[in-house]
Amino acid sequence: MTYTRILGTGGYLPDRVVTNAELARTVDTSDEWIVSRTGIRERRLAGDRETTCDLAEQAARVALEAAGCQASDIDLVIVATTTPDRVFPATACLLQDRLGIHGPPAFDVQAVCTGFIYALSIADKFIRAGSCRRALVVGAETMSRIVDWSDRSTCVLFGDGAGAVVVGAADEPGILSTHLHADGAYKDLLTANTGVSDVRAAWPGRITMRGNEVFRMAVTTLDALVGETLAAHGLAQGDVRWLVPHQANTRIIAATAKRLGLPMEQVVVTVDRHGNTSGASIPLAFDTAVRDGRIRRGDVVLMEGFGGGFTWGSVLLTF
Ligand code: UT7
């Protein structure tokens, strides 16, 4: 039986740090409001000339080095992004070219904040099916490009960054299971509601969100998702060593941790420093905890995400 193992991780954050105090100079908000409602203290923003692919490339190179891989070892490239450099080609193709990988399939996945979970799940299926041996899976975003910087209810939430993993075929797990969901009935609660094909509004779309409704849906949906993931393996609450959640809001993260019976010491939280980097948030958080030595080989890790669509999903794995 073939399994998918994570061989190496990488992350990259742009240099520019934007604090809550800095945002409070341009919109009617305060550090106290942002910290108490979201847990966010600061976020990173890409420079004017820095693109999603630039961030993805940095994270990918670190992950390749951590995995001990050459670019030529990679036979699948997937980038999860909502903020691609171009309408086409896919950011994965741009990244592939930067890395000197020529020939293997490369494509983007668009599932917003659940994008990395979707991408990792797809890579897992390619590897288990024997269609590839080593995949580069990246979550990369420049959310700052689609934020409405005059809307205090959303502009304080988002940040830019990239995270990456290299996964490879192995005889032992690895990824234990993946669980993906979506329901487009909720398309208007969290959206950037213009696109290439819809010419009725200005391009590009800016993020709008009915935050409180999204919050309530996120908590209840993630609760059910955690139950589904544990039940699929007959796991009990304490069997998971680490929760690596999508980083949108510490209150949502704490509710999921409670559902898992995990103390916050076993939850990787980066939202305070990264903000919500959408598809990049889970691999960035994962890389952070691998690099600082918290997540070790053999640990059981639950990744979960929830975002626009709505989309939601989880990956349960042994690191
Ligand atoms: O990543 C994808 C998934 N996204 C999420 O999961 C985000 C889910 N939503 C949330 O995290 C929270 O709903 C928010 C952090 C966005 C908002 O927190 P909330 O506790 O739900 O606040 P609210 O939207 O109910 O707004 C409460 C008040 C409002 O004022 P009034 O109407 O009570 O006078 C807002 O206008 O807070 C006001 N407000 C702000 N005040 C200061 C909204 N944004 C701000 C702000 N600074 N930045």
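Placed above this text is the structure.
Residues numbered from 1 in each chain as written. Predicted model: local features only at pLDDT ≥ 70, side-chain atom pairs only at ≥ 80, totals over all residues. Heavy atoms only, no water.

K.L.:
Explain the packing of aromatic side chains to me, and be specific about the residues and the numbers.
P.N.:
A full pass over the atoms with the stated rule returns 5 aromatic pairs. Centroid distance Phe286 to Phe319: 5.6 Å. Interplanar angle 90 degrees. Geometry classified as edge-to-face. Taken together, the positions of Phe286 in helix 10 (residues 281–291) and Phe319 in the segment after strand 13 (311–318) put the pair 33 residues apart, joining distant regions of the chain. Residue Phe286 is classed as buried on the basis of its relative accessible area of 0%. (Phe/Tyr/Trp six-rings, centres within 6.5 Å; stacked < 30°, edge-to-face > 60°. Helix = DSSP H or I, 4+ residues; strand = E, 2+ residues; numbered from the N terminus. Buried < 20%, exposed > 50% of the residue type's maximum accessible area, 1.4 Å probe, protein only.)

K.L.:
Any details on the environment of Thr250? Residues and values, ideally.
P.N.:
Tracing the sequence through the fold places Thr250 in helix 8 (residues 250–260). What makes Thr250 partly exposed here is its relative accessible area of 23%. Discounting residues that sit within four places of it in the chain, Thr250 has contacts with Thr38, Gly39, Val269 and Val271. (Contact = heavy atoms within 4.5 Å.)

K.L.:
Can you explain the nonpolar core? Please cite residues and give values.
P.N.:
What tends to happen in soluble globular proteins is that the nonpolar side chains get buried as a cluster. If you look at the biggest cluster of nonpolar residues, it comprises 37 residues, and the most contacted ones within it are Ile207, Val240, Leu243, Leu260, Leu302, Phe306 and Phe310. Residue assignment for this core shows that the elements contributing at least two residues are helix 7 (211–232), helix 8, strand 12 (300–307) and strand 13. The element best represented in this core is helix 7, accounting for 6 residues. If we ignore the near neighbours within four places in the chain, the residues touching Leu260 are Val226, Leu230, Gln237, Gly238, Val240, Leu243 and Leu302. Counting residues in each nonpolar core, the second largest holds 33 residues, with Phe116, Ala123, Ile282 and Ala289 among its members. (Core = buried A, V, L, I, M, F, W, Y, C linked by side-chain atoms within 4.5 Å.)

K.L.:
Go over the sheet that holds strand 13 with me, naming the residues and quoting the values.
P.N.:
An order of 8-13-12-11 is seen for the 4 strands of this open sheet, with the pairing classed as mixed. Bordering the open sheet on either side are strand 8 (175–182) and strand 11 (242–245), each of which pairs with just one other strand. Mean inter-strand twist for the sheet, computed between neighbouring axes without regard to direction, equals 10 degrees. Relative to strand 13, strand 12 is paired through 8 bridges, and the arrangement is antiparallel. Bridge pairing in strand 13 places Met303 opposite Val315. In this fold helix 7 packs onto strand 8, strand 12 and strand 13, with an angle of close to 145 degrees to the strand it touches most, strand 12. (Pairing = 2+ DSSP bridges. Axes fitted to C-alpha atoms, helices over the stretch in contact; angles between N-to-C directions.)

K.L.:
Could you give an account of the sheet that holds strand 6 (residues 134–142), naming the residues involved and the relevant values?
P.N.:
Judged by pairing direction, the sheet is mixed, and its 5 strands sit side by side in the order 1-7-6-4-5 without closing on themselves. Pairing within the sheet leaves two strands with one partner each, and these edge strands are strand 1 (3–12) and strand 5 (106–109). Taking each pair of neighbouring strands and ignoring which way they run, the sheet shows an average axis angle of 20 degrees. Its contacts with the sheet put helix 10 on strand 1, strand 6 and strand 7 (160–170), and the angle it makes with strand 1 is roughly 90 degrees.

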